[in-house]
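# Structural features, examined
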Amino acid sequence: MTEPELLTSPLHERHVALGAKMADFGGWLMPIEYPGGGVLKEHAAVREGVGIFDVSHLGKAVVRGPGAVDFVNSCFTNDLRKIVPPKAQYTMCCDESTGGVVDDLIQYIKSEDEVFLIPNAANTTEVVRRMREQLPEGLELVDQHHEYAVIAVQGPRSDEVLQALGLPTGHEYMSFDSTEWNGAPLTVCRTGYTGEKGYELVPRWEDAAALWDALVEAMKPYDGLPCGLGARDTLRTEMGYALHGHELSMDITPNMARAGWAVGWKKDAFWGKEVLSAQRAEKSCRLSWGLLVQGRGIPRKDCVVKDNDGNEIGVVTSGTMSPTLRTGIALALLDRGVTEGDAVVIDVRGREVVATVTKPPFVEAGVHD
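Residues numbered from 1 in each chain as written. Predicted model: local features only at pLDDT ≥ 70, side-chain atom pairs only at ≥ 80, totals over all residues. Heavy atoms only, no water.

## As for the pairing of strand 18 (residues 327–334)
This is how it is decided: Each residue's exposure class comes from its accessible area (1.4 Å probe, protein chains only) as a fraction of the maximum for that residue type: buried when under 20%, exposed when over 50%, partly exposed otherwise. Put simply, DSSP marks the helices as runs of H or I at least four residues long and the strands as runs of E at least two long, and each gets a number from the N terminus on. A pair of strands is considered paired only if DSSP assigns at least 2 bridges between the two.
The buried fraction of strand 18 amounts to 8 of the 8 residues, a majority that puts the element mostly inside the structure. Here strand 18 shows no split at all, with T327, I329, L331 and L333 on one side and G328, A330, A332 and L334 on the other all buried. One ladder, built from 6 bridges, connects strand 15 (residues 287–293) with strand 18; its direction is antiparallel. Residue pairing in the sheet places L291 in a bridge with A330 of strand 18. Sheet analysis places strand 17 (residues 312–322) next to strand 18, joined by 8 bridges and oriented antiparallel.

Take a look at the structure:
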C-alpha cells in the first residue's frame, strides 16, 4: 500500500527556492526552517522585529445561510453571541460523548448569515463531516481548504510591513477586515500564534505567491525573515499556547487544558456540554502546567513527570529549548495536587531533569499591544 502524496501550499515553490527544510504537517509538506540561521534566528526575528509564516495548510470552511451563527454556536464550545462582526473567536470542536477535543479553531463572524472557520490541517475533514451530519436545511457548508492561503505576519514591526503594502492596521485583537490588495479580495485578521502583535492574511490561493513576494520585500528594512513551522512551535510554546495533538486531543478535554475560558458554559447547547460540565464540577482531572527546567535538559512530548519521591504525577505534552530564555521549557498534564512553585523531576531518556512548576507564559510578549 503506497503512502498518500503530501499536499503542498501555493507557496511551495518559494520555500524550495529558499532551500527550506520541509516536513509533513497534517498531510502537507511545509517548511520547518530556512537556511541562514534556522529556528533560533527566525524565532528572534519575530520576538524583536517581524517574520512571515506560510500556514496555508490550515483548513478553511464557511457556513452560509439564515441562522448560520446560531448553528455554529450550537456546535462549538465558545459563545459566538459574545462577539459581533467583524470579530473572531477561539473555540473548540468537542466530541459529544467524551468531551475530547476533535479540533480547536478560529471562527470569524462575517454576518448573521456567514461564519468563516479556520480549523487545523489534519482535522478539517473531520470537523466538516461532523457539522454536515447536523447541518439544518437551508444552510450551506463549504470546505474551502484549497481556495484560500494563509500567511501570518508576526512581530512588533508587523504594522509597518502591512502599511508598506497599503493594508489596514490598528485592528483590535481578534478582529478582521475584508479588504483588497492589488485588486484581489483579502482578509486581514488581527490574530496569530506567536504571542507577538501580528496579523494573519487570507488571500485567494492564486494570489498568495504575489502577496508573499511583496511581504518579503516590505519586511527587509526591519531585518524580517521568512519563518518555518519550527519557530512557530517554539514561539507558541513560550506563550503556553495549546497545540492540538499535544495539549488538546480526544483524550485531553478543555478542562484539562485550562481552556475553560473558551467554553460558553451558559449556552443552551454545544457538543460535549453535558460531559464537560460534569468533569468541571468533579474537579479531579489532571491540569495543564508549565515546567521551567533548572539546569540542562530539554523535555520532549511523553516524558514522564515525577515528584521528589519518584511517584509519577504527570506527562509532558510539549517540550523544547526556549530560544528566549536559553533553557528547557515544557507544558505538561499534572495531577491535581501539584501547585505553582513545586519542584518536579522529568525523565528525559532515563536522565532526571529538575524543573519548577509555573503558569505560562514563560516570556512577556506584545500580543495585545
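## What about unusual backbone geometry?
The step from P85 to P86 runs through a cis peptide bond, and the omega angle for that step is -5°. Note on placement: P86 falls in the loop between helix 3 (68–75) and strand 6 (88–94). That bond from P360 to P361 is cis: its omega, 10°, falls within 30 degrees of zero. Mapped onto the secondary structure, P361 falls in the segment after strand 20 (351–358).

## As for the environment of L58
This is how the line gets drawn: Residues count as neighbours in contact if any of their non-hydrogen atoms are within 4.5 Å of one another.
Among the secondary structure elements, L58 is positioned in the loop between strand 4 (51–54) and strand 5 (61–64). When the C-alpha positions of L58 and F25 are compared, they lie 9.7 Å apart, and in sequence the two are 33 residues distant. Other than its neighbours up to four places away in sequence, L58 contacts I118, P119, N120, A121, H145 and R232.

## So, the packing of aromatic side chains
The cut-off we apply is this: Stacked, edge-to-face and tilted labels apply to pairs of Phe, Tyr and Trp rings (six-membered ring for Trp) whose centres lie within 6.5 Å, assigned for plane angles under 30 degrees, over 60, and everything in between, in that order. When the NZ atom of lysine or the CZ atom of arginine is within 6 Å of a ring's centre and also within 35 degrees of its normal, the charge is said to sit over that ring.
Evaluated as defined, the whole model comprises 8 aromatic pairs. With 6.4 Å between their ring centres and 70° between their planes, W265 and F270 make a pair best called edge-to-face. We classify F270 as buried; its relative accessible area is 3%. Site record: aromatic cluster; members linked through ring pairs are Y108, F116, Y148 and F176. Directly above the aromatic system of F116 lies the positively charged group of K110, at a separation of 5.2 Å from the ring centroid. Over the ring of W289 we find R258; its NZ or CZ atom is 4.4 Å from the centre of that ring.

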